[in-house]
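If you want the building blocks of each chain, they are given just below.
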Amino acid sequence: MILSMDNISKIYNGKTVLDNINLTIEDTDRIGLVGVNGSGKTTLLGIITGEIPYEAQTYPIEPIFSMSRDIKIGILKQNAGLDGEDTIIGEVTKAFSKLLSVKDRIEDLHLELEKPETIQNEKYFSDISHNLSELESYFRLNDGYIIDVNINIVLSGMGFPKESYERTINTLSGGEKTRLALAKLLLEKPDLLILDEPTNHLDFETVVWLEDYLSGYKKALLIVSHDRYFLDRLTTSICEIERSKISRFKGNYTQFVNLRKDRNERQLREYEDQQKEIAALEDFVARNLVRASTTKRAQSRRKQLESMEIIEKPVIYEKSSKIDFTYTLEPPFDILKVKNIDVSVGSGEKRRTLASNVNIDLKRGEHLAIVGANGSGKTTLLKYLTKKLPCVKGLIEWGRNVRISYFDQENSGLHPTMTVMDELHSRYPSMTDLEIRSLLGKVRFTGENVFKPVSVISGGERAKLCFAIMMLEHANVLVLDEPTNHLDISTREVLEEALVSFSGTIIFVSHDRYLLNKLATKVCEISSDGVKFFEGGFTEYRASVEAEIAEKEEKTPKKDINDTETADKPKNEGYRSKEQRAKDAKNRQQIRAYEAKIEELQILADAIQTEISTGNLDYETLIQKCNEFENLKVKIDEITDLWLKLSD
């Protein structure tokens, strides 16, 4: 067990955020934590990590928080990137500080053993030898001999090529700093790895790599994410915080949705049945309490009412759209023409081109998704299109009657010192308070929240305020930069439906694979070579990309490491061993086969490790070798597990 929480509560300014939470996290749990914005997810994480104190709800309930000894918890918070003047390689190497100190001690002991006076002192020599053996065993079991290999695997997977290793952290972008913090955390391998929105700053390839890496993580995972694909692939249970309570469901996110729906329907039936029973009892008491002949029965019914455990009405989220983008000015059929522009950053001699000769031809009603690696120029391109940045080369031509509404992922157009109400009043002074409050109610700003300064509301609330402003702009072209980044899942679904039903034109950048799949009618991939277009949605785009990769692999000479027969053999052997488990002779033969295979794969892994450690590989080859090394480790682990089961 990692930790156990019983009757844990948290109250802020008289408001209960968490109410008698009970949660147990086991050594290999893979938990997804979900709930609407402001439900208490961050507070719960703070309690788990010890950053936030907890309390009991009411006496005599006692809160109990217990954690196993020597448990290491690692957490990646939202937008909590590293900083400082250290290099990338220097920072991630800190993850192995304990192992490296052990390595230094091993080297010191080897030198000590070589001294003549040590050799002559038999007891001293024996003590040092014993100590050295223990340290070397610890170093080997914790992958001390492949520290460089593991660093290369994780950094390349997180999008840091080898030539970037000497860059100082303070020169990195915010997204790069967050990715580096995640890379360091993965290398530290804590007993409980907590990830708060880990995919926010990752491109598709990096998200897929991270999913693959975490699917093989041997310790406990606790993930807060709005990425439904990510949760589906990695979690085996979902914890939902709702009305200050926590409920746990077995399975991934898709299974959770179905189980929650069944539970809510069952609870709603029970609630309605109980309400009918309560109404009947109250009616009986009201009619019979004052009549002498029926007073006792009425009193009995009243006691029954008083002792009844009231069933709460379940929260059933309605998907009726409260976000609605409309326009009255009809644009022409040809909405946008972009001719031979260069997407670049910086100025003067420091100007750097990210994508050359970009051409776009967009028609009315099309939904264009722009995808590409982080730093490829997606946001810069949107700023060119919306004239937030000047385009120094090429032509951007919008059609007549085009009215654009731009969603900036940084929400930089908002005024931090203004209240939510004032933000709208300053833009639309003719609107009454009632009209503004009615609009804000659609995006779930209610009560005193409308008088909060923009600077103190959450990222999700700022996004919803921007959507309210966009609804008033009545634009026929929506340009959106990561619109779902800070939204909870239910609000994402509302936004998705509003965008799908929008009859105008949409240009958007997003890492939300579900949104891309549901909304896009055309995909534009941006890279240093320019842009490439794919008809259809995200599924068609990924199919085309994977087909291109497969075609390249077919042209690449096959290697023994990737031989399918080698990959399939452990599964087949495991199946045969299960069928013939009763035969000792067959078992012994199978064990020897596993041992031979493990030795064979280990030799291949050692060879690749040596290649990676030389530092003479280019970036693409390095990634290929790192992937091969990871695949071999997985195969070795699989066969070792089979060998252990059969040996037992």
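Scroll up for the structure.
Keep in mind it's a predicted model, so treat the numbers as computed, not measured.

Undergrad: I tried to follow the overall build of the protein on my own but got confused; where do I start?
TA: Looking only at helices and strands, the protein has 21 helices and 18 strands in total. Across its three principal directions, the C-alpha atoms of the protein cover 100 × 85 × 55 Å. Burial analysis of the protein (648 residues in total) assigns 44% to the buried set. For the protein, the proportion of contacts with a sequence separation of at least 24, taken over those separated by at least 6, is 69%. Total accessible area on the protein stands at roughly 34000 Å², and carbon and sulfur atoms take up 49% of it. Distance between charge centroids for the protein: 5 Å, based on 89 positive and 105 negative side chains.

Undergrad: Help me understand the sheet that holds strand β4 (residues 64–67) in this model?
TA: Spatially, β2-β1-β4 is the arrangement adopted by the three strands of the open sheet, whose pairing is antiparallel. Each edge of the sheet is formed by a strand with only one pairing partner; in this case those strands are β2 (15–25) and β4. Across the sheet, the mean angle from the axis of one strand to that of its neighbour is 25°, orientation sign disregarded. In the sheet, strand β1 (residues 3–12) pairs with β4 via four bridges, with the strands oriented antiparallel. Opposite Asp6, over in β4, you have Ile64 as the bridge partner. The strands touched by helix α1 (residues 41–49) within the sheet are β1, β2 and β4, with β1 carrying the most contacts at an inclination of about 125°.

Undergrad: When you look at the packing of aromatic side chains in this model, what are you seeing that I'm missing?
TA: For any two aromatic rings, the description comes down to two numbers: the centre-to-centre distance and the angle of the planes. Tallied over the full model, the rule gives ten aromatic pairs. Seen from their ring centres, Phe534 and Tyr541 are 5.0 Å apart, and the 75° between their planes marks the pair as edge-to-face. Exposure class is identical for Phe534 and Tyr541. Each is buried. Measuring from centroid to centroid gives 5.9 Å for Phe538 and Tyr541, while their planes differ by 45°, and the two rings are tilted. One end of the pair, Phe538, and the other, Tyr541, are both in helix α18 (residues 538–555), three residues apart, so they sit about a helical turn from each other. Look at Tyr541 and you get buried, because its relative accessible area is 3%. An aromatic cluster of at least three residues, connected via ring pairs, comprises Phe249, Tyr253 and Phe256. Directly above the aromatic system of Phe284 lies the positively charged group of Arg301, at a separation of 4.5 Å from the ring centroid.

Undergrad: Would you mind showing me how to read the environment of Asp70 here?
TA: In this structure, Asp70 sits in the loop between β4 and β5 (73–76). Asp70 sits 68 residues away from Ile2 along the chain, and the two C-alpha atoms are 9.8 Å apart.

Undergrad: Sorry, what's going on with the sheet that holds strand β13 (residues 395–398) here?
TA: Through backbone hydrogen bonds, the strands of a sheet pair up, either in parallel or in antiparallel fashion. Taken in spatial order, the three strands make up an open sheet running β11-β10-β13, and their pairing is antiparallel. Strands with a single pairing partner mark the edges of an open sheet, and in this sheet they are β11 (352–363) and β13. Put simply, the sheet's adjacent strands are angled 15° from each other on average, direction ignored. Note: strand β10 (residues 334–345) against β11, eight bridges, orientation antiparallel. What sits directly across from Leu336, in β11, is Leu362.

Parameters and conventions
Residues numbered from 1 in each chain as written. Predicted model: local features only at pLDDT ≥ 70, side-chain atom pairs only at ≥ 80, totals over all residues. Heavy atoms only, no water. Helix = DSSP H or I, 4+ residues; strand = E, 2+ residues; numbered from the N terminus. Buried < 20%, exposed > 50% of the residue type's maximum accessible area, 1.4 Å probe, protein only. Contact = heavy atoms within 4.5 Å. Areas by Shrake-Rupley, 256 points an atom, 1.4 Å probe, with all protein chains shown as cover. Lys, Arg positive; Asp, Glu negative; His and termini not counted. Charge placed at Lys NZ, Arg CZ, Asp CG, Glu CD. Pairing = 2+ DSSP bridges. Axes fitted to C-alpha atoms, helices over the stretch in contact; angles between N-to-C directions. Phe/Tyr/Trp six-rings, centres within 6.5 Å; stacked < 30°, edge-to-face > 60°. Lys NZ or Arg CZ within 6 Å of the ring centre and 35° of its normal.

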